[in-house]
Amino acid sequence: MGLSDTLSARFDVEERGSDVGTELLAGLTTFLTMSYIIVVNPAILSNAIDAGENTFQLLAVVTILASVAAMLVMGLYADLPFGLAPGMGLNAFFVVVVTQLGVPWETALAAVFLEGVLFIALTAVGAREYVIRLFPEPVKLSVGAGIGLFLALLGLEQMRIITGSVSLNPVIALDPIAILAAIGILLTFALWARGVRGAIVVGILLTSIFAYLVSAFGVEPRPGGADQGLVETATLAPGISGITYDLAAYDISPIAFAFVEGFQNVEALTFALVIFTFFFVDFFDTAGTLTGLGQAAGMTDESGDLPDIDKPLMADAVGTTVGGLLGTSTVTTYIESSAGIGEGGRTGLTALVVAALFLLSLPFVPLLSAIPSFAPYVALVVVAVMMLRNVTEIDWDDLVHAIPAGLTIIIMPLTSSIAYGIAAGLLSYPVVAVAAGRREETRLGHVLMALACIGYFAVRFGALAG
């Protein structure tokens, strides 16, 4: 029996209507669509984590390692074609916790680690799956769109297209970084529309090349801008001086297991709120993603649920725990996995191919330091548009669905908080349903989740007021 036959038998490839060649192609496709996270996650987290001059590269290494750990569980245990990596939006919230709440980054990693451990325990006893099935449908369908808008604002600000107060850069026509960023966004969308695999990665690379070409002609970033609310840390062409092929580029000891030190700086109430918020956001973000991917792969049952959802949830939980150990934010299942599913991927072999390709990218990590700091944020705007797709499934003619969904989508970007948006949806759903005379559509779980949101806000803002 050859390798192909062995793999086919191990993953029941033929029984699921696929073949080994299709699974390999699906894995490559998923890798190309989500590999941008290897660059983007370090770009975001480096705003909060400071591990010395090699911070960006070290974060890229731990991003790869945490992703691989999660995908090994997804491939070998869950046997599903889903890729995982540190979640977009979840990494941005990590930065908010550190920079706005004043929580040390080591302590924030401790919160991620405990969240992962808690998820493992809840998944093992089936509690996580139970709560997911109670999640109101309009909120579930709107979470992705809300996170997308939140990411778009973050990306546009980092690329100096908009200011911190969410208005257009007043000197955009004279700002080379903003101009190049706009060109990069449009170019990436054009590649995506043409069906180019890895359009986001290609878009980031082309944007970086354009930045170096412009810099070669003597163009420099427009100085200042802080008084106008513009990001001042964006770089145009950092050069190759930071590229180092030595142990320093891979020695993750400055951030690995830093969460242990984080436990020494714990302020009980704030720490509990951070864990709850990480838990809150990841819980429902993963639920929506798994349901959507299951539908795309034709794996859901007659109720629209993914059978044995506890297995992919365990992959998410293990990835998050490993991420906290190594030094990155919450790991979650990626909606970009739908690209590989579209190519025919139906088994865990697809996930293992993605994991192998992530590992093969490790030798290229030192090269990332030469990428202009604004270029990776092109991905955020493109991903944001992708995440809007579920709004078409919301029944906007039904106010019981439209109001919670609309509030979820609106509140997230306006408050720069994924958790607040979800809470708005969970709070409003039972209220609107009962007011509309449709009490039978609400469950005790809906009421309990709404009360949990009220309790969260009471404690959160009561603590701030105190």
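Residues numbered from 1 in each chain as written. Predicted model: local features only at pLDDT ≥ 70, side-chain atom pairs only at ≥ 80, totals over all residues. Heavy atoms only, no water.

Where an unreviewed UniProt entry is consulted, the protein appears under the name NCS2 family permease, with the organism given as Halorubrum laminariae. In its Subcellular location (unreviewed entry) section, the UniProt record describing the protein reads: "Endomembrane system". (UniProt positions renumbered as here; feature names shortened; annotations may be inferred.)

Visitor: Tell me about the environment of A121, residues and numbers included.
Guide: Tracing the chain through its elements places A121 in helix α6 (residues 105-124). Through-space distance from the C-alpha of A121 to that of A317 is 9.0 Å; in sequence the pair is 196 residues apart. (Helix = DSSP H or I, 4+ residues; strand = E, 2+ residues; numbered from the N terminus.)

Visitor: Could you give an account of the packing of aromatic side chains, with specific residues and numbers?
Guide: Counting across every chain of the model gives 10 aromatic pairs. The interplanar angle of 80 degrees and the centroid separation of 5.6 Å between the aromatic rings of F31 and F358 together place this pair among those described as edge-to-face. Of this pair, F31 sits in helix α2 (residues 20-34) while F358 is found in helix α15 (residues 348-360), placing the two residues 327 residues apart along the sequence. For F31, a relative accessible area of 14% gives the class buried. The buried category is assigned to F358, whose relative accessible area is 0%. With centroids separated by 6.0 Å and ring planes inclined at 80 degrees, the aromatic side chains of F259 and F263 adopt a geometry described as edge-to-face. Take F263: its relative accessible area is 36%, and that puts it in the partly exposed class. (Phe/Tyr/Trp six-rings, centres within 6.5 Å; stacked < 30°, edge-to-face > 60°. Buried < 20%, exposed > 50% of the residue type's maximum accessible area, 1.4 Å probe, protein only.)

Visitor: With reference to specific residues and values, describe the packing of helix α3 (residues 37-45) against helix α4 (residues 55-78).
Guide: At a minimum axis separation of 8 Å, α3 and α4 run at an interaxial angle of 130 degrees. With respect to α4, the element α3 is oriented oblique. As α3 packs across α4, the resulting crossing turns out to be right-handed. Residues I37, I38, V39, N41, P42, A43 and L45 of α3 lie in contact with α4, whose contacting residues are F56, L59, A60, T63 and I64. Along the lines of polarity and charge, the residues of the contact of α3 with α4 split into 10 nonpolar, 2 polar and no charged. (Axes fitted to C-alpha atoms, helices over the stretch in contact; angles between N-to-C directions. Parallel < 35°, antiparallel > 145°, perpendicular 65-115°, else oblique. Left-handed = near helix turned anticlockwise from the far one by under 90°. Contact = heavy atoms within 4.5 Å. Nonpolar A, V, L, I, M, F, W, Y, C, P; charged D, E, K, R; others polar.)

Visitor: I'd like a rundown of the environment of L90, residues and numbers included.
Guide: Mapped onto the fold, L90 is located in helix α5 (residues 90-99). Along the primary structure L90 and D285 are separated by 195 residues, whereas in three dimensions their C-alpha atoms are 9.3 Å apart. Filtering out sequence-adjacent residues up to four positions away, L90 remains in contact with F278, V281, D282, D285, S329, T330, T332 and I418.

Visitor: Any chance you could break down helix α16 (residues 378-386) for me, citing the residues and the numbers?
Guide: Residues spaced three or four apart along an α-helix point in a common direction, a consequence of the helix completing one turn every 3.6 residues. Counting buried positions along α16 gives 8 out of 9 residues, so the element sits mostly inside the fold. The set of residues buried in α16 consists of V378, A379, L380, V381, V382, V383, A384 and M386. Those residues of α16 that are buried are in contact with α3, α8 (137-158), α9 (176-193) and α10 (199-216).

Visitor: Can you lay out the nonpolar core for me, pointing to particular residues and giving the numbers?
Guide: Counting residues in each nonpolar core, the largest one holds 119 residues, and the members touching the most others are Y36, M88, F94, M159 and F358. It is α4 that provides the largest number of residues to this core, a total of 13 residues. Ignoring anything within four residues of it in the chain, the contact list for F94 reads L45, A48, I49, W105, A108, L109, V112, F278 and S329. (Core = buried A, V, L, I, M, F, W, Y, C linked by side-chain atoms within 4.5 Å.)

Visitor: Requested: an account of a nonpolar patch on the surface, with residues and values cited.
Guide: On the surface, I179, I183, I209, F210 and L213 cluster together to form a nonpolar patch covering roughly 400 Å² of accessible area. Residue assignment for the nonpolar patch shows that the elements contributing at least two residues are α9 and α10. For the nonpolar patch, the element with the highest residue contribution is α10, accounting for 3 residues. Inspection of the secondary structure assignment puts I183 in helix α9. Since its relative accessible area comes to 40%, I183 is described here as partly exposed. (Patch = residues over 30% accessible without salt bridge, like charges linked within 9 Å, V, L, I, M, F, W, Y side chains within 5 Å. Areas by Shrake-Rupley, 256 points an atom, 1.4 Å probe, with all protein chains shown as cover. Salt bridge = Lys/Arg side-chain N within 4 Å of Asp/Glu carboxyl O.)

Visitor: Got a sec to walk through the environment of Y245? Specific residues and values, please.
Guide: Counting through the fold element by element, Y245 comes out in the loop between α10 and α11 (258-262). Through-space distance from the C-alpha of Y245 to that of P363 is 8.8 Å; in sequence the pair is 118 residues apart. Sequence-distant contacts of Y245, defined by excluding residues within four places in its chain, comprise Y250, P363, F364, P366 and L367.

Visitor: Describe the pattern of salt bridges, with residues and values.
Guide: Any two side chains of opposite charge can pair, so long as their charged atoms come close to each other. This structure, assessed with the given rule, holds 4 salt bridges. R16 is the salt-bridge partner of D79, the closest N and O atoms lying 2.7 Å from each other. Of this pair, D79 sits in the loop between α4 and β1 (84-86) while R16 sits in the loop between α1 (3-10) and α2, and the two are 63 residues apart along the sequence. Taking the relative accessible area as the measure of exposure, D79 reaches 10% and is therefore buried. In this structure, R160 engages D175 in a salt bridge whose closest nitrogen and oxygen atoms are separated by 2.6 Å. Of this pair, R160 sits in the loop between α8 and α9 while D175 sits in the loop between α8 and α9, placing them 15 residues apart in sequence. Relative accessible area serves as the criterion here: at 3%, R160 is assigned to the buried category. For D175, a relative accessible area of 0% translates into the label buried.

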